[in-house]
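Single-letter residue listing:
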2 protein chains.
Amino acid sequence: MSLQPVLIDGAWVAAKSSGSFQALNPATRQPLADSYPVSTWEDVDQALDAAAACADTLRRADGETIGRFLDAFADRIAARKDELVAMANAETGLPVAPRLADVELPRTINQLKLAAAAARSGDWRQATIDSQANIRSGFIGIGPVAVFGPNNFPFAFGSASGGDFAAAIAAGNPVIAKANSSHPGTTRLFAEEALAALEDAGLPTATVQLLYRMSHADGERLAQDPRLGAIGYTGARSAGLVLKTAADAVGKPIYLELSSINPVVLLPGALRERGEELVEEFSGSCLMGAGQFCTNPGLVLLLDDDASREWVSDVALRFDESPRGTLLSTSVQESLAQSVAQLEQAGAQRMTVPNSDEPNRCSYANTLLVVQGTQFLKAAESLQTEAFGNESLVVLCQDVAEIVAVIELLEGNLTGCIYSARDGGDDANYDVVEAVLRTRVGRLLNDKMPTGVAVSPAMNHGGPFPATGHPGFTAVGIPGSIHRFSMLACYDAVRPHRLPAWLTDSQAPASMWRYIDGAWRQG
Amino acid sequence: MSLQPVLIDGAWVAAKSSGSFQALNPATRQPLADSYPVSTWEDVDQALDAAAACADTLRRADGETIGRFLDAFADRIAARKDELVAMANAETGLPVAPRLADVELPRTINQLKLAAAAARSGDWRQATIDSQANIRSGFIGIGPVAVFGPNNFPFAFGSASGGDFAAAIAAGNPVIAKANSSHPGTTRLFAEEALAALEDAGLPTATVQLLYRMSHADGERLAQDPRLGAIGYTGARSAGLVLKTAADAVGKPIYLELSSINPVVLLPGALRERGEELVEEFSGSCLMGAGQFCTNPGLVLLLDDDASREWVSDVALRFDESPRGTLLSTSVQESLAQSVAQLEQAGAQRMTVPNSDEPNRCSYANTLLVVQGTQFLKAAESLQTEAFGNESLVVLCQDVAEIVAVIELLEGNLTGCIYSARDGGDDANYDVVEAVLRTRVGRLLNDKMPTGVAVSPAMNHGGPFPATGHPGFTAVGIPGSIHRFSMLACYDAVRPHRLPAWLTDSQAPASMWRYIDGAWRQG
């Protein structure tokens, strides 16, 4: 069986491979036709050489050229929409609608267009000028970026199409995309269009390269390579931490999105006021897409009273009655089963019907677990295991102080939600809960589930470790996310004709915001 | 002999110590009178508890209150100037003037005042508002910050007075200062004034705490403690890397300033045009303060021709004729001797008279070394050893391509300088050199030595590893440096009365710059 080629230095070439793999259709459990190579170091080394060779050109490219590429790429994606959706549907089991065709693809195109606009405007550079001292600084591309995409968003977080990709390119960096092994074909289609769009825009064709898989040792070697500027990784915690250790040892910036259980606190007044509504809202958020979101509400904190226990029963019923979604892969199914078992072993009780395997697709029963707050406090580490998928754990607490105690033992999370009574009856408790929750999450929500992640400049899709590797950066939202793939560059007494145009007195883009002598100015 | 007390939770108390140490006057080699404790974990633990207890208050404190503290502290420092200068002079051997009294103390006071103004304005928060989506975000305090100050700036980088201290406080964080062991008395005087200023301003008295020393194991334990938000460390590379490894393992942000040799490229036209002038400029920069600056020009790249060799001889003569400064400590002297020996062993040749020890003070002969570019390329790792002090290594290169090859093997540095002819004759070579130098340094200079680090919003006192731990942050320059000790906090659909004032529609400080719906706006 012939292997799909890899994209290195502008050409689709046969991989120097040490093996091969096929993706599997999780909706049928049947392997898909194409075979993909596991690259050896030789491929990685060539990709690094090609990326390093064009890094300086990319760094100096004007925003207009970068923007032209991103726009052209977005347009090409739109034109190839049907094929992309069909491939991603086959590889991931994610529904065509509502999801791939009508939500994720438009979002992906929008992200690329926003990144194009950001590259053109240059605002992300935060150009800062001290006229009197003649010191000028701002952010510039950090060099080749290796992007490792996750399994759950084949478009919007895809390694050759998604948020990290768009941000790295917008900052003026070449990207070495490492496809997620569960959707290599989707990533291949994107890379094909990216290559064509690079030619359209007149950027170096090594700006986007694609490898499908490499050994873990080669992944670590890549993370430490001096030719690489930074790494973006979204995925499983264990593999991410291996890359982090490798990168940290050589001081290489690595941006990780690892795991998050996204605590939701339902204060008693809110439950009293609109408990039924919250059954729908919570179940919808938890079961949508079979719960395979980084921001899935995996932990619910409630007071242990009759109203709460009734609410939990209602949710369990709703879970049992709802159809179960298709999971992304056999390994997601296995890992979910394993995590649920771990939570049960740590004292959680199942409120929903036990799982029964379906032979012809990847899935797991919608699962609601419950545990007492006192038990959570005893086994906090095990009980905050992320069960990636259609599962959530309810913690019933004796009082608000116990809710606070539980939150104090939580690791960093992407989001935290607090639902409170509209009449202000929960406000005192809100303040107590918010004080401990605020610094443990990147995004705090009121009366809203965390699963919608708007692409907004004000968004923070980030948070303290291990949700991400650094609580100062966001992976979603432009221009914020672009920042991750940049370094601060200062020009001290540099002669005017040698400055980048955006740091000069007269040649910056007209719409660009710059911080000049203590004030933000445009144009 | 009684030990000086430590400052924990607003009170000067006897340390739970495991030992003691005294500082030494490097200008006499005599130990100073006071004895200081080596704290056990019990002290560190109590300081962490006290810091954690007031972290939320600090995070919510308004900019006016933080500013009032920083201003009051600055004023108190000014009032106690003579005592501070005398103590620092005795502990570090740094001259009273020009340096401690007329340069470093005013700079320190200025930094604190700038940090006060930044806290009041709130610009550092980069408040970002998406009105339509009702998503709001900005930077908030990250929690207790442990500051480890270096030996070479007892005021301006002091752990209870300097840039990291001012930045951490301005962001709304408590500080646990770990005094540098070479100037514990100076740090003590600052902490005394800080405590009084906290009382003046009405901030929690645990906002500033002081420990003098702890075991390395306890330092690592501190770095990993969940109560700690972040770490600022400036100092020796070996100790910094130990802390980094500990912090990285738990995903704790750590900002390091470790080592830098600050390459200076003198292109041939510049040498031809103003060689004599450059002898003075370079010698002054390298020998000032006995070369004990992070930005000391420790590596000079020249073409190997007659003009360069003559220039090197002139510099060597100038070094031999110049008085040698007092080094900060016996360990700085030993480390400098060791580094010079290592450079010589790797092939560098001494152009200046060999060192002869002075029995009554810490010092080392002004030292200029020379090596061929070809040799540098063979032993690049050894030959870029930082020799902290009054030393520099000249690399004579066959051509500009060899200069480029040398730069390509350099680790990350804080600064890089290029001198070129005023008539434009070096411009082609400049472009070639700049292309490789730009991403290896945080600050690029033209025709200017790197030792002056202006406190400007446009300054970048940072750079790629191992100059610092992350190339996106600066340790000098306000508001930039404040950023390091903050996290990004997003408020999604949070009810208006629960928002921080600076994220509301109507209650933000009047002068604050905010990014609202795609435009920076003030007021």
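Thresholds, definitions, all that
- Residues numbered from 1 in each chain as written.
- Chains lettered and ligands numbered in written order.
- Predicted model: local features only at pLDDT ≥ 70, side-chain atom pairs only at ≥ 80, totals over all residues.
- Helix = DSSP H or I, 4+ residues; strand = E, 2+ residues; numbered from the N terminus.
- Rg over C-alpha atoms; globule rule 2.2 N^0.38 Å.
- Buried ≥ 20, exposed ≤ 12 C-beta atoms within 10 Å, placed from the backbone.
- Contact = placed C-beta atoms within 7 Å.
- Core = buried A, V, L, I, M, F, W, Y, C linked by C-beta atoms within 7 Å.
- Nonpolar A, V, L, I, M, F, W, Y, C, P; charged D, E, K, R; others polar.
- Pairing = 2+ DSSP bridges.
- Domains from an automatic or database assignment.
- Axes fitted to C-alpha atoms, helices over the stretch in contact; angles between N-to-C directions.
- Expected span 1.5 Å × (residues − 1).
- Bend = angle between axes of the 7 residues up to and from the residue.
- Least-squares fit on C-alpha atoms with pLDDT ≥ 70 in both.
- Parallel < 35°, antiparallel > 145°, perpendicular 65-115°, else oblique.
- Left-handed = near helix turned anticlockwise from the far one by under 90°.
- pLDDT = per-residue confidence, 0-100.
- Arc of directions from axis to C-beta.

Asker: What is the right way to look at the overall build of chain A in this model?
Answerer: A tally of regular secondary structure across chain A gives 15 helices and 23 strands. Computed over its C-alpha atoms, the radius of gyration of chain A comes to 24 Å, within 12% of the 24 Å expected for a compact globule of 523 residues. Expressed as lengths along the three principal axes of its C-alpha atoms, the size of chain A is roughly 75 × 65 × 40 Å. Residues counted as buried form 60% of the 523 residues belonging to chain A. The contacts in chain A between residues at least 6 apart in sequence include a share of 75% that link residues at least 24 apart.

Asker: Even after reading the chapter, I still don't get the nonpolar core, so can you show me in this structure?
Answerer: As a rule of thumb, nonpolar side chains are buried together in soluble globular proteins. With 349 residues, the main nonpolar core has Leu70 and Ala115 of chain A together with Leu70 and Ala115 of chain B as its most contacted residues. Contacts of Ala115 of chain B, omitting those with residues within four sequence positions, involve Leu70, Ala166, Ala167, Ile169, Ala170 and Ile478 of chain B.

Asker: So what exactly am I meant to see when it comes to the interface of chain B and chain A here?
Answerer: Note on interface size: it is often stated as the accessible area lost on association of the parts. Across the contact, 56 residues belong to chain B and 56 residues belong to chain A. Mapped onto the side of chain B that touches chain A, the elements with two or more residues apiece are β7 (128-130), β8 (135-141), α15 (427-437), β20 (441-446), β21 (486-492) and β22 (513-516) of chain B. Considering each element in turn, the side of chain B that touches chain A owes the most residues, 7 residues, to β21 of chain B. Here the side of chain B that touches chain A is built from residues that sort into 29 nonpolar, 16 polar and 11 charged. In terms of strand pairing, strand β21 (residues 486-492) of chain A meets β20 of chain B through 3 bridges, oriented parallel. Bridge assignment links Cys490 of chain A to a residue of β20 of chain B, and that residue is Arg443 of chain B.

Asker: I'm lost on the domain arrangement of chain A in this one. Help?
Answerer: All names here are of chain A. Along its sequence, chain A is organised into domain 1 (6-12 + 35-258 + 473-483) and domain 2 (263-446). Here the C-alpha centroids of domain 1 and domain 2 sit 33 Å apart. At the interface, 8 residues of domain 1 touch 9 residues of domain 2. Partitioning the side of domain 1 that touches domain 2 into residue classes produces 1 nonpolar, 5 polar and 2 charged.

Asker: Looking at this structure, I do not really get the sheet that holds strand β16 (residues 349-350) of chain A. What am I missing?
Answerer: Two modes of strand pairing occur in sheets, parallel and antiparallel, and in both the strands are linked by backbone hydrogen bonds. Reading across the sheet, the 12 strands line up as β16(A)-β17(A)-β18(A)-β15(A)-β14(A)-β19(A)-β20(A)-β21(B)-β8(B)-β7(B)-β22(B)-β23(B) and stay open at both edges, with mixed pairing between neighbours. For this open sheet the edge positions go to β16 of chain A together with β23 (519-522) of chain B, each flanked by a neighbour on one side alone. Sheet analysis places β22 of chain B next to β23 of chain B, joined by 4 bridges and oriented antiparallel. When the sheet's bridge partners are listed, Ile516 of chain B is paired in β23 of chain B with Ala519 of chain B. The strands touched by helix α10 (residues 306-321) of chain A are β15 (299-303), β17 (367-372) and β18 (391-397) of chain A; relative to β17 of chain A, the strand with the most contacts, the crossing angle is about 160 degrees.

Asker: I'm lost on the environment of Glu334 of chain A in this one. Help?
Answerer: All names here are of chain A. With respect to the helices and strands, Glu334 occurs in helix α11 (residues 330-345). Taking the number of C-beta atoms within 10 Å as the measure of exposure, Glu334 has 13 and is therefore partly exposed. Each C-alpha atom, one on Glu334 and one on Cys294, is 18 Å from the other, the two residues being 40 residues apart in sequence.

Asker: Any chance you could explain the sheet that holds strand β8 (residues 135-141) of chain A here in plain terms?
Answerer: On the basis of which strands lie adjacent, the open sheet formed by 12 strands has the order β23(A)-β22(A)-β7(A)-β8(A)-β21(A)-β20(B)-β19(B)-β14(B)-β15(B)-β18(B)-β17(B)-β16(B) and mixed pairing. In the strand order of this sheet, the two ends are held by β23 (519-522) of chain A together with β16 (349-350) of chain B, each with one partner. Relative to β21 of chain A, β8 of chain A runs antiparallel, the two being bridged by 7 bridges. Of the residues in β21 of chain A, the one forming a bridge with Phe139 of chain A is Leu488 of chain A.

Asker: Could you clarify how one ought to interpret the pairing of strand β22 (residues 513-516) of chain A in this entry?
Answerer: Residues and elements named next belong to chain A. Pairing of strand β7 (residues 128-130) with β22, which is carried by 2 bridges, proceeds in the parallel orientation. Looking at the pairing, Thr128 lines up with Tyr515 of β22. Taken together, β22 and the strand that follows it, β23, pair antiparallel across an intervening segment of 2 residues, in which Asp517 is found at a positive phi of about 50 degrees.

Asker: Is there a simple way to explain helix α1 (residues 41-60) of chain A in this structure?
Answerer: A turn of α-helix holds 3.6 residues, and therefore any two residues three or four places apart point the same way. Residue and element names in this part refer to chain A. Relative to the 28 Å expected for 20 residues at 1.5 Å per residue, α1 spans 29 Å between its end C-alpha atoms, a close match to the ideal helical length. Residue Cys54 marks the point of greatest curvature in α1, where the axis turns by about 40 degrees. For α1, the complete set of buried residues consists of Asp43, Val44, Ala47, Leu48, Ala50, Ala51, Cys54, Ala55, Leu58 and Arg59. On the buried face of α1, the contacting elements are β1 (6-8), β6 (36-39), β8, β10 (175-178), β11 (208-211) and α7 (216-224).

Asker: Would you take a moment to explain the relation of the copies chain B and chain A for this structure?
Answerer: Related by rotation about an axis and a shift along that axis, the two copies of the chain form a pair. By a simple turn and slide, chain B fits onto chain A: the slide is 0.0 Å along the axis, the RMSD is 0.0 Å, and the turn is 180 degrees. Interpreted geometrically, this transformation is the action of a two-fold axis. Comparing contact sets, 100% of the residues at the interface of chain B also lie at the interface in chain A, consistent with an isologous, same-surface contact.

Asker: Looking at this structure, how should I read the packing of helix α2 (residues 63-79) of chain B against helix α6 (residues 184-201) of chain B?
Answerer: All names here are of chain B. Across the interface, α2 lies against α6 with an axial gap of 8 Å and an inter-helix angle of 140 degrees. By the angle between their axes, α2 is oblique relative to α6. The element α2 and its partner α6 pack so that their crossing is right-handed. Within the contact between the two elements, α2 uses Thr65, Arg68, Phe69, Ala72, Phe73, Arg76 and Ile77 and α6 uses Glu193, Ala194, Ala196, Ala197, Leu198, Asp200 and Ala201. Tallied by class, residues from the contact of α2 with α6 come to 9 nonpolar, 1 polar and 4 charged.

Asker: How do you make sense of the pairing of strand β9 (residues 145-148) of chain B when you look at a structure like this?
Answerer: Working note: regular strand, side chains alternate between the two faces of the sheet. Residue and element names in this part refer to chain B. Burial of β9 is two-sided: the residues Val145 and Val147 facing one way and the residues Ala146 and Phe148 facing the other way are all buried. Of the pairings in the sheet, the one linking β9 to strand β12 (residues 230-234) comprises 4 bridges and is parallel in character. Note on β12: the bridge partner recorded for Val147 is Gly232. With 4 bridges joining them, β9 and strand β10 (residues 175-178) adopt parallel strand pairing.

Asker: Would you explain the environment of Val436 of chain B in this entry?
Answerer: All names here are of chain B. Following the sequence through the fold, Val436 ends up in helix α15. Looking at Val436, the number of C-beta atoms within 10 Å reads 17, which means it is partly exposed. Each C-alpha atom of the pair Val436 and Arg237 lies 24 Å from the other, and the pair is 199 residues apart in sequence. Excluding residues within four positions of it along the chain, Val436 makes contact with Val404, Ile407 and Glu408.

Asker: Please clarify how unusual backbone geometry should be interpreted in this entry.
Answerer: Outside of glycine, negative phi angles account for most residues, and trans bonds account for most peptide bonds. Residues and elements named next belong to chain A. With an omega dihedral of 0 degrees, the bond running from Phe465 to Pro466 counts as a cis peptide bond. Among the structural elements, Pro466 can be located in the loop between β20 (441-446) and β21. Cis peptide bonds are those with omega within 30 degrees of zero, and the linkage from Ile478 to Pro479 qualifies with 15 degrees. Note on placement: Pro479 falls in the loop between β20 and β21. The phi angle at Asn262 is positive, at roughly 50 degrees, despite the residue not being glycine. Tracing the backbone through its elements, the reader meets Asn262 in the loop between β13 (254-257) and β14 (263-266). Given 29 C-beta atoms within 10 Å, Asn262 falls into the buried group.

Asker: Hey, could you run me through the confidence of the model for chain A in this one?
Answerer: Parts of the prediction with low pLDDT should not have their coordinates interpreted in detail. Looking at chain A as a whole, the pLDDT averages 97, with 100% of positions reaching at least 70. Under the prediction, the complex receives an ipTM of 0.98, its pTM being 0.98.

Asker: Explanation requested: α7 of chain A in the structure shown.
Answerer: Residue and element names in this part refer to chain A. Of the residues making up α7, those classed as buried are Asp218, Gly219, Leu222 and Ala223. Within α7, the buried residues cover an arc of 145 degrees as seen down the axis, which keeps them to one side. The secondary structure elements touched by the buried residues of α7 are α1, β9 (145-148), β12 (230-234), α8 (237-249) and β13.

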